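Residue strings, one per chain:
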Amino acid sequence: MSLTHNLNGKLLRIGTYNNYPLSWTIQESNGTITGHGVAFAIMEILRQKFNFTFEVVVPENNYEFGGVRPESSLINLVNSSKIDMAAAFLTRLVKFNKMATFSNDLDEGVWMMMLKRPKESAAGSGLLAPFETYVWYLIMAAVICYGPCITFLTRMKSKLVRDKEGPINLPASIWFVYGSFIKQGTSLSPEANTTRVLFATWWIFIILLSAFYTANLTAFLTLSKFTLDIESPKDLYKKSYRWVAAEGGAVQYTIRNPEEELYYINKMVSNGRAQFRSVKRDEDYLPIVRAGAVLVKEQTAIDHLMYGDYLRKAREGVIESERCTYVVAPQFFMKKQRAFAYPNNTTLKILFDTVITNLLKAGIVNHLLHRDLPATKICPLDLQSKDRQLSNSDLMMTYIIMAIGLATAVAVFIGEVFIKRSKCMNGNINKNKDDRRKRKKSRVRFVNHSYDDSRPPPYDSLFGGKQNKITDRAQRKIINGREYLVFDTANGSTRLIPVRTPSAFLYQ
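Overview of the structure. (Residues numbered from 1 in each chain as written. Predicted model: local features only at pLDDT ≥ 70, side-chain atom pairs only at ≥ 80, totals over all residues. Heavy atoms only, no water.)

### Regarding the overall build of the protein chain
Note the threshold: Helical segments are the DSSP runs of H or I of at least four residues, strand segments are the runs of E of at least two, and each set is numbered from the N terminus. Partly exposed residues are those whose accessible area sits between 20% and 50% of the maximum for their type, while under 20% is buried and over 50% is exposed, using a 1.4 Å probe and protein chains only. The contact definition used throughout considers only heavy atoms, calling two residues in contact when any of these lie within 4.5 Å. Each accessible area is a Shrake-Rupley estimate made with a 1.4 Å probe; only the visible protein chains count as cover when residues are assessed.
Within the protein chain, the regular secondary structure consists of 18 helices and 15 strands. Across the 508 residues in the protein chain, those meeting the buried criterion constitute 35%. A separation threshold of at least 6 residues defines the contact pool for the protein chain, and within that pool the share at least 24 residues apart is 70%. A total of about 31800 Å² of accessible surface is found on the protein chain, and carbon and sulfur atoms cover 56% of it.

### As for the packing of helix 4 (residues 133-160) against helix 5 (residues 170-181)
To be explicit about the condition: Interaxial angles span 0 to 180 degrees and are taken between N-to-C directions of axes, which are lines fitted to C-alpha atoms, for helices over the stretch in contact. Any angle that is under 35 degrees is reported as roughly parallel, and any over 145 degrees as roughly antiparallel; angles of 65 to 115 degrees are reported as roughly perpendicular and all others as oblique. In this scheme, a crossing is called left-handed if the near helix is turned counterclockwise away from the far one by less than a right angle; it is called right-handed if the turn is clockwise. Side-chain classes follow a simple rule in which Ala, Val, Leu, Ile, Met, Phe, Trp, Tyr, Cys and Pro form the nonpolar group, Asp, Glu, Lys and Arg form the charged group, and the remainder, Gly included, forms the polar group.
Contact geometry for helix 4 and helix 5: axes closest at 8 Å, N-to-C directions at 140 degrees. By the criterion of interaxial angle, the relationship of helix 4 to helix 5 is oblique. In this structure, helix 4 meets helix 5 at a crossing whose hand is right-handed. Contacts from Ile 139, Val 143, Tyr 146, Gly 147, Pro 148, Ile 150 and Thr 151 in helix 4 reach Leu 170, Ser 173, Phe 176, Val 177 and Phe 181 in helix 5. Each residue belonging to the contact of helix 4 with helix 5 can be placed in one class, and the counts come to nine nonpolar, three polar and no charged.

### Focus: the pairing of strand 13 (residues 475-479)
Sheet faces and side chains relate simply in a regular strand, where the side chains alternate between the two faces. The following threshold applies: For two strands to pair, DSSP has to find at least two bridges joining them.
With zero of five residues buried, strand 13 is to be regarded as a mostly surface element. The turn linking strand 13 back onto strand 14 (residues 482-488) is made up of two residues, and Asn 480 within it adopts a positive phi angle of 55 degrees.

### Some remarks on the packing of helix 2 (residues 38-50) against helix 12 (residues 348-361)
Orientation of helix 2 relative to helix 12, taken along the N-to-C sense of each, is 125 degrees, at an axis distance of 11 Å. Here helix 2 lies oblique to helix 12, going by the angle between them. Of the two elements, helix 2 crosses helix 12, and the hand of that crossing is right-handed. Contacts between helix 2 and helix 12 pair Ile 42, Ile 45, Leu 46, Lys 49 and Phe 50 from the former with Leu 351, Phe 352, Val 355 and Leu 359 from the latter. Residues that form the contact of helix 2 with helix 12 fall into these classes: eight nonpolar, no polar and one charged.

### Some thoughts on the pattern of salt bridges
Rules: Any carboxyl oxygen of Asp or Glu within 4 Å of a side-chain nitrogen of Lys or Arg constitutes a salt bridge here.
On inspection of all chains with the given rule, the structure shows 13 salt bridges. Where Asp 282 meets Lys 297, a salt bridge forms, and the shortest distance between an N and an O atom there is 3.8 Å. Residue Asp 282 is located in the loop between strand 9 (274-277) and helix 10 (286-290), and its partner Lys 297 is located in strand 10 (residues 294-298); the two are separated by 15 residues in the primary sequence. For the residue pair Asp 282 and Lys 297, the accessibility class agrees, reading buried in each case. With a closest N to O distance of 2.9 Å, Arg 476 and Glu 483 form a salt bridge. One continuous salt-bridge network, built from bridges that share partners, spans Asp 309, Arg 312, Lys 313 and Glu 316.

### Side note on unusual backbone geometry
Following Tyr 20, the chain continues to Pro 21 via a peptide bond in cis, the omega torsion being 5 degrees. The residue Pro 21 is located in the loop between strand 1 (11-15) and strand 2 (24-27) in this model. In this structure, Asn 62 is a non-glycine residue whose phi angle is positive, near 60 degrees. Tracing the backbone through its elements, the reader meets Asn 62 in the loop between strand 4 (53-57) and helix 3 (74-79). With a phi angle near 60 degrees, Ser 81 is a residue other than glycine that sits in the positive phi range.

Shown next, in the form of structure tokens:
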């Protein structure tokens, strides 16, 4: 009762720093600084219960723990007893336990990573998305290796087992594997059981592979879950991303502490991939994020930042599908307990901690943290679009395949022309002109005596003489209502020649 009586009507100096929406200050027209946010909502409850008044004090550089000048930080004001209490959600770091006395925990702060929403999922797009990268490598290895395996096994079979079927050469095996891969037939007709098993094995493999690929491609293009390239602090460290955080905050001191798990990220500061900045408003971080950097900040602050950007675009008339410019990584950056801070050997902790604990257990602190936010998740990772239309990026692989095919065809054509011309040149050098003339004459004679078997033979070959006329030796007769020329050949057989013009044209 004596502690409560001593506090009654007393003026307290309450320190804070700008950390919207948890705590921030506004300077009134008369020069008075007023505090706002969740921290001062709790302070108002304490003020009404213990009947005291307070004035707000802000550190010079608005740091939580101190950046370049630690002496101007909020924790230093507490340590030097220049203020009676720090009304802010301060991170409970072991390094500062000797500098101040922390209250009971207010909540567990969660630092998340906000980045610009990418246009396509990190899982891939288009034709390659159904399988992971190493699966494609294994499929490519199977396509390349199976053709030589068929040639090798059939050659071994032909040496060990003597039968009519010979070995399948390498080009035929490669074309069979490639043709089956794109679901085309083959001119090969194996007769031996060994070769049939080899062919059937490859066909079964292609059937199953095609079934899995088709099903997964359909699911990806219609029901795929959007994924990010950055999901955890390890991804931030391994990949070439820049990130930014508040200067003098918990993130800066955590990654610089060798005893912390995230100390390995401190290397990104030295190579320029990480920066710590002090801004007047959180909205000043948005141009940096749009430029490709990742913002590391408390989850509540990020939710308010994204919600405010969403409402601003809605007022400007931006269509709904383009309002969610930013997205939050699914995994947290770090978690730390947060509390108020008092100078060492203070009596305020004894009075205030009981009330703070009751507020926490009653859920009032959690309500204050989320009272200005909607009940639904703000701009979730998966926007749950009802219709999924294919974009040009989904079909990009088809264009690449077409370009590669055309380039391959041109290269093969150039190679064939080069090989053919080189053979002709070698042949011309080894042959003399007389041999070429003889081959030309023999080729001409062969052409004159040859004829196309698909056409009817000439009359002179049928009737055995060029000097006799068919009309002189033939007799006209009507057979089955049609007129024919009946001709007796030299070997004693009889030939019938239709007289009607349409049919007779076939023999001319």
